[in-house]
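Each chain, written out:
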Amino acid sequence: MPYTKTLLYLVFVVVFMASMSEARKRNATHIQFYMHDTPGGSNPSAVRVAGEPINSTGANMGAMFGFGSIFVMDNSLTATPDANSTLIGRAQGIYVMASQENELSLLMTLTYNFVSGIYNGSSLSIVGRNPVMNEVREMPVVGGTGVFRLARGFALAKTHSIDQVNAVIGYNVTIIPYY
């Protein structure tokens, strides 16, 4: 009789664990979009707020993107590389020129806020290193809100085009939702 109770208990535990394992399977979400970063021009979406002083004659323009320069951004996110394509959100946050060596590397702290489509009202947060001269850069998704609440995953960034200091960056993001 004691073995019957133990056996029933073990069967219950196995069935419960199997059902929990099935329920915990997560479906990854894949999103592709383009971020328009424009620190130059008459209507910049990224503004330098700190760093080495820049010479008014322009002789020290390299300091604008030198070590320690900090930018605050509010960049548009679009469905295609065309700036006039469907606006799907805004990338808001900061990036810092964080490398002293011969590599241009940023520390990115940003949130992608979605303003249209099925992700409207949701956001994703990314914090990580972005070695911008690499063809593809990987950064971690560290959280989110709305349908992405407590999300984790990664973002692959690839420069689509660059015109002087303004750039269009393609993002392929894989999100594993929390539930």
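Residues numbered from 1 in each chain as written. Predicted model: local features only at pLDDT ≥ 70, side-chain atom pairs only at ≥ 80, totals over all residues. Heavy atoms only, no water.

The protein has the name Dirigent protein in an unreviewed UniProt entry, where Deinandra increscens subsp. villosa is given as its organism. Reading the Subunit (unreviewed entry) entry of the UniProt record for the protein gives the comment "Homodimer." Per UniProt, the protein carries the Subcellular location (unreviewed entry) text "Secreted, Extracellular space, Apoplast". (UniProt positions renumbered as here; feature names shortened; annotations may be inferred.)

Draft legend 1. View of the overall build of the protein. Broken down by element type, the protein carries one helix and nine strands. Starting at the N terminus and walking to the C terminus, you meet the elements of the protein as α-β-β-β-β-β-β-β-β-β. Taking all 179 residues of the protein together, 35% fall into the buried category. Here the analysis covers contacts within the protein between residues at least 6 apart in sequence; of these, 46% occur between residues at least 24 apart. (Helix = DSSP H or I, 4+ residues; strand = E, 2+ residues; numbered from the N terminus. Buried < 20%, exposed > 50% of the residue type's maximum accessible area, 1.4 Å probe, protein only. Contact = heavy atoms within 4.5 Å.)

Draft legend 2. Main features of the side chain of Asn75. With respect to the element layout, Asn75 can be found in strand E3 (residues 70-78). Residue class for Asn75 comes out buried when judged on its relative accessible area of 0%. For Asn75, the side chain forms a polar contact with the side chain of Asp37, separated by 3.0 Å. Here Asn75 is in contact with Met35, His36, Asp37, Thr38, Ser45, Ala46, Gly89, Arg90 and Ala91, once residues within four sequence places are set aside. (Polar contact = N/O pair within 3.5 Å; in protein donor to acceptor, adjacent residues only side chain to side chain.)

Draft legend 3. Up close: the pattern of salt bridges. In total, this model carries three salt bridges according to the counting rule given. The salt bridge partner of Arg90 is Asp74, with a shortest N-O separation of 2.9 Å. Of this pair, Arg90 sits in strand E4 (residues 87-97) while Asp74 sits in strand E3; the two residues are 16 residues apart in sequence, bridging distant segments of the chain. Note that Glu103 and Arg129 form a salt bridge whose closest N and O atoms lie 2.5 Å from each other. A residue pair is termed long-range when its members are at least 10 positions apart, and Glu103 in the loop between E4 and strand E5 (105-114) and Arg129 in strand E6 (residues 123-131) qualify at 26 residues. (Salt bridge = Lys/Arg side-chain N within 4 Å of Asp/Glu carboxyl O.)

Draft legend 4. Up close: the environment of Ala157. Among the structural elements, Ala157 can be located in strand E8 (residues 152-163). With 25 residues separating them along the chain, Ala157 and Val132 place their C-alpha atoms 8.8 Å apart. Setting aside residues up to four positions removed in sequence, Ala157 forms contacts with Glu135, Val136, Arg137, Met139, Ile169, Gly170 and Tyr171.

Draft legend 5. Molecular detail of the packing of aromatic side chains. A full pass over the atoms with the stated rule returns eight aromatic pairs. Between the aromatic rings of Phe33 and Phe114, the centroid separation amounts to 6.0 Å while the plane-to-plane angle is 80°, which identifies the pairing as edge-to-face. On the criterion of sequence distance, the pair formed by Phe33 in strand E1 (residues 29-37) and Phe114 in strand E5 is long-range, its members being 81 residues apart. Overall, Phe33 belongs to the buried group, its relative accessible area being 0%. Since its relative accessible area comes to 4%, Phe114 is described here as buried. Seen from their ring centres, Phe71 and Tyr95 are 5.1 Å apart, and the 10° between their planes marks the pair as stacked. Here Tyr95 lies in strand E4 and Phe71 lies in strand E3, a separation of 24 residues in the sequence. By relative accessible area, Tyr95 is classed as buried at 3%. (Phe/Tyr/Trp six-rings, centres within 6.5 Å; stacked < 30°, edge-to-face > 60°.)

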